[in-house]
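# Results of the structural survey
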Amino acid sequence: MPRLDFAASIADLRLLARARLPRSVFEFIDGGAADEYTLKANSDDFGAFRLMPDVGVDVALRSSATTVVGKSSRLPLVLAPTGLAGLYWPKGEIAAARSAARAGISFCLSTNSVASMEEVADAVPEVDRWFQLYFLKDPDLMRSMVERARANGYRVLCITLDLAVQGRRDRDIRNAFTVPLKPRLTTVLEVLARPAWLAGFLRAPIRFGNFAAAAPQGGFSSIAQHIAKLCDASADWDTVARLIELWDGPVVVKGLLNPRDAERAVALGVDAIIVSNHGGRQLDRVPSAIAALPAIAAAVAGRTQVILDGGVRRGTDIAIARCLGADACMIGRPFLWGLAAAGEAGVTRALDILRDELDIAMALLGVTSMDAFSAGHLWHNETAR
């Protein structure tokens, strides 16, 4: 196994994460819904595109800086909301937020984080913080989440729309990584075989920080079971409109694949649309995020920002997304693999890899700024214009 400083790619960080985590925990990050067609397509579909360079361009001065939802960002990246990041490394959400702050990008905290929104805000006040919200059956609880996020300096509310019910993930079922948890002897043996991870787990027990006051007393499994029952399958676009009014600040909606839904979001005045299939973890056999992106970008037509979430593994993937109309990309698994491998240093390594790969792609494409990317930098199997 390569050391962290020899990790040349996001794929290398994935191998390091797999070596450190118990199998069931690693597969919770790595797995997707059902047969995992969509999970695989999220990354594989980038392979359908080829880049077309412009040469003879002065690229001595290049900048990957851009503006994401009204905030300057040194990279066109946002760390995506990922539940239970603290399961992979002690205080994982705080470690990831610190790395995001150092990289000059935004960090989005999940509703289902281990560290609470207050703990992250206190520990990393300098990072541009977003809060991701699921629809909850209890309107008072949902309102309190919004009010707490605003009171703790979270700038953007990220409303996730593609979790009316929990997707069915075969790997988690096979590993008994379900709610309620049903540990087996094999699970215990896997954990004992990963002493470094186990030591961190024992130092920082897993909980759902944002639900500390609302969840019943009990172990992690009973609390998780309670939270799983809180999601509201009856929520609709009217619910989104009420949340936008309640927040009174920048709002992005996550989980859109259909251009019709993009039109609805634009009509409500959202500040960005996140094209996403939840990392292939909800409904299998839906389009990959990159395949859905062009039609949504065309429907939006510049009226709001578009962020791609899903499948980014290389800096060239970011370049392709920009050419297809994305203003920025979210990354989930890439930073989680880095986090699981080496904590804050691993997240930083993931961001450094993507930054360097993007910078090289810009230089070799003849691009000096994010605004210079265009559809003309994609090869269409025809004479270049």
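Before reading on, note that the structure itself is shown above.
Criteria and cut-off values
- Residues numbered from 1 in each chain as written.
- Predicted model: local features only at pLDDT ≥ 70, side-chain atom pairs only at ≥ 80, totals over all residues.
- Heavy atoms only, no water.
- Pairing = 2+ DSSP bridges.
- Helix = DSSP H or I, 4+ residues; strand = E, 2+ residues; numbered from the N terminus.
- Axes fitted to C-alpha atoms, helices over the stretch in contact; angles between N-to-C directions.
- Contact = heavy atoms within 4.5 Å.
- Phe/Tyr/Trp six-rings, centres within 6.5 Å; stacked < 30°, edge-to-face > 60°.
- Buried < 20%, exposed > 50% of the residue type's maximum accessible area, 1.4 Å probe, protein only.
- Salt bridge = Lys/Arg side-chain N within 4 Å of Asp/Glu carboxyl O.

Further remarks concern the sheet that holds strand β5 (residues 106–109). With respect to topology, eight strands assemble into a closed barrel ordered β4-β5-β6-β7-β8-β9-β10-β11, the strand pairing being parallel. Between one strand axis and the next, the sheet turns by 25° as a mean value, whatever way the strands run. Bridge analysis of strand β6 (residues 128–133) against strand β7 (residues 156–160) gives four bridges, and the strand direction is parallel. From the neighbouring strand, W130 faces β7, where its bridge partner is V156. Contacts between helix α4 (residues 92–103) and the sheet are confined to β4 (77–79) and β5, with β5 contributing the most and set at about 160° to the helix.

Looking now at the packing of aromatic side chains. Following the criterion strictly, the structure yields three aromatic pairs and no others. Here the aromatic rings of F131 and Y154 are separated by 6.2 Å at their centres, their planes lie at 75°, and the arrangement is edge-to-face. You can see F131 sitting in strand β6 and its partner Y154 sitting in the loop between α6 (139–151) and β7, a full 23 residues away along the chain. Given a relative accessible area of 0%, F131 falls into the buried group. Residues W197 and F201 carry aromatic rings whose centres are separated by 5.0 Å and whose planes lie at 25° to one another, so their mutual orientation is stacked. In this pair, W197 and F201 are both assigned in helix α9 (residues 195–203), four residues apart and thus about one turn of the helix distant. By relative accessible area, which is 31% here, F201 ends up partly exposed.

This brings us to the pattern of salt bridges. Counted under the stated rule, the structure contains 21 salt bridges. In this structure, the salt-bridge partner of E190 is R23, at a minimum N-O distance of 3.5 Å. Pair noted here: E190 is in helix α8 (residues 185–192) and R23 is in helix α2 (residues 23–30), with a separation of 167 residues, a long-range link. Residue classification places R23 among the partly exposed residues on the basis of a relative accessible area of 46%. Here D261 ties to R264 by a salt bridge, and the two come within 2.5 Å at their closest N and O atoms. Of the two residues, D261 and R264 are both situated in helix α12 (residues 259–268); the distance of three residues between them amounts to about one turn of the helix. D261 gets classed as partly exposed once you look at its relative accessible area, which sits at 22%.

Shape is all these values report; function is a separate question.
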